[in-house]
Amino acid sequence: MPTSQPASGPSEDRTTPDALLHTRTGTEVSPEDLVLASGKDITPQNLEWAKRKLEAEGPAALDKMLP
């Protein structure tokens, strides 16, 4: 019995488009986003940490945390 592969599946010889490799979608980064990206629970202390980090580094703070 021959096996068939779907015709619409991704090809192994294609690279991922650049637009899919970016972590942010162009929206504002909130302190909650930064806390969750760091793997921490949303607590008042962690939100304060995230606010300080966003003030110091801007939205790039999130980019630095995500692969």
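Refer to the structure presented above.
Cut-offs applied
Residues numbered from 1 in each chain as written. Predicted model: local features only at pLDDT ≥ 70, side-chain atom pairs only at ≥ 80, totals over all residues. Heavy atoms only, no water. Helix = DSSP H or I, 4+ residues; strand = E, 2+ residues; numbered from the N terminus. Buried < 20%, exposed > 50% of the residue type's maximum accessible area, 1.4 Å probe, protein only. Contact = heavy atoms within 4.5 Å. Areas by Shrake-Rupley, 256 points an atom, 1.4 Å probe, with all protein chains shown as cover. Polar contact = N/O pair within 3.5 Å; in protein donor to acceptor, adjacent residues only side chain to side chain. Salt bridge = Lys/Arg side-chain N within 4 Å of Asp/Glu carboxyl O. Core = buried A, V, L, I, M, F, W, Y, C linked by side-chain atoms within 4.5 Å.

Take the overall build of the chain next. Looking only at helices and strands, the chain features three helices and zero strands. Reading the chain from its N end, one meets helices and strands in the order α-α-α. Of all 67 residues assigned to the chain, the portion counted as buried reaches 16%. Partitioning the contacts of the chain with sequence separation of at least 6, the portion at a separation of at least 24 is 41%. For the chain, the exposed area adds up to about 5700 Å²; of that, 53% sits on carbon and sulfur atoms.

Structurally, the position occupied by E57 is in helix α2 (residues 44-57). Within the structure, the side chain of E57 is placed 3.5 Å from the side chain of K64, a separation counted as a polar contact.

The next point concerns the pattern of salt bridges. As enumerated under the stated definition, the model contains three salt bridges in all. Across the salt bridge formed by K53 and E57, the nearest N and O atoms sit 3.0 Å from each other. Of this pair, K53 and E57 both sit in helix α2, four residues apart, which is roughly one turn of that helix. As a salt-bridge pair, K64 and E57 come within 3.5 Å of each other at their nearest N and O atoms.

Here we take up the nonpolar core. Core analysis: the biggest nonpolar cluster contains eight residues, these being V29, L34, V35, L47, A50, L54, A61 and L62. Listing elements by their share of this core, those giving two or more residues are α1 (31-37), α2 and α3 (60-65). Tallying contributions element by element places α2 first for this core, with three residues.

Here we come to the environment of N46. Inspection of the secondary structure puts N46 in helix α2. Sequence separation between N46 and V35 is eleven residues; the distance between their C-alpha atoms is 6.4 Å. With residues up to four places along the chain from it excluded, the contact list for N46 reads V35, K40 and D41. Within the local environment of N46, its side chain forms a polar contact with the backbone oxygen of D41, the two atoms lying 2.6 Å apart.

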